[in-house]
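Here is how the chains run, residue by residue.
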Amino acid sequence: MMSGSFLFGILLVAGFSLGLALIFDTQAPEMRWQRRALYAALGGAFVPLLLPVIVILVAEGLSKETALVVAVLMVMGFILAGIVGFPLTYWFCKRREAARGSLDPAQDFE
């Protein structure tokens, strides 16, 4: 059974990713929808990880051990973006682009 904090973290990443996808959709409609989905997924995964990275760097300073911890957090951000953020933002951006009517089936991934 999943713990509440794990589920909260997944929902937090999903919420940030969808929020960024909506912001990119309204503020940068000239950007390709695939790029909007990718940037929103990466941003949505790395925004919640900024606080632990900053706290670790301020408390411990930059040493070999803290560099390893920060690297692990960055890898975790990429994993979260790939597993949680990107599928959600891909679906969202593709549906928004299709509703706009500018989705070209010849350039689509599917």
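Our structure's up above, just so we're on the same page.
Everything quoted here is computed from the prediction, not taken from an experiment. (Residues numbered from 1 in each chain as written. Predicted model: local features only at pLDDT ≥ 70, side-chain atom pairs only at ≥ 80, totals over all residues. Heavy atoms only, no water.)

A.B. asks: Honestly, the packing of helix 2 (residues 33-60) against helix 3 (residues 64-100) in this entry has me stumped. Any pointers?
C.D. replies: For any two helices packed against each other, the geometry is given by the interaxial angle and the distance between the axes. Two numbers describe how helix 2 lies on helix 3: the axes approach to 5 Å, and their chain directions differ by 155°. When the axis of helix 2 is compared with that of helix 3, the two are roughly antiparallel. Between helix 2 and helix 3 lies a crossing of right-handed hand. In the contact of helix 2 with helix 3, the residues fall into 24 nonpolar, four polar and five charged. (Axes fitted to C-alpha atoms, helices over the stretch in contact; angles between N-to-C directions. Helix = DSSP H or I, 4+ residues; strand = E, 2+ residues; numbered from the N terminus. Parallel < 35°, antiparallel > 145°, perpendicular 65-115°, else oblique. Left-handed = near helix turned anticlockwise from the far one by under 90°. Nonpolar A, V, L, I, M, F, W, Y, C, P; charged D, E, K, R; others polar.)

A.B. asks: When you look at the layout of surface pockets in this model, what are you seeing that I'm missing?
C.D. replies: Gaps between atoms show up when a probe of the same size as a water molecule is rolled over them. The computed volume of the largest pocket comes to approximately 190 Å³. The set of elements that each furnish at least two residues to the lining of the largest pocket consists of helix 1 (4-27), helix 2 and helix 3. In terms of residue count, helix 1 provides more of the lining of the largest pocket than any other element does, six residues in total. (1 Å grid on protein atoms, 1.4 Å probe; cavity = no way out; pocket = protein on both sides within 12 Å on 5 of 7 lines; lining within 4 Å. Points joined across faces, edges and corners; volume = space filled by probe spheres on them.)

A.B. asks: Teacher, can you tell me more about the packing of aromatic side chains here?
C.D. replies: For the coordinates displayed, the defined rule picks out three aromatic pairs. Plain terms: the ring middles of Phe86 and Tyr90 are 5.7 Å apart, the flat faces sit at 45° to each other, and that makes the pair tilted. Residue Phe86 and its partner Tyr90 are both found in helix 3; the two are separated by four residues, about one turn of the helix. Here Phe86 falls in the partly exposed class, since its relative accessible area comes to 29%. A connected cluster of aromatic rings, assembled from ring pairs, spans Trp33, Phe86 and Tyr90. (Phe/Tyr/Trp six-rings, centres within 6.5 Å; stacked < 30°, edge-to-face > 60°. Buried < 20%, exposed > 50% of the residue type's maximum accessible area, 1.4 Å probe, protein only.)

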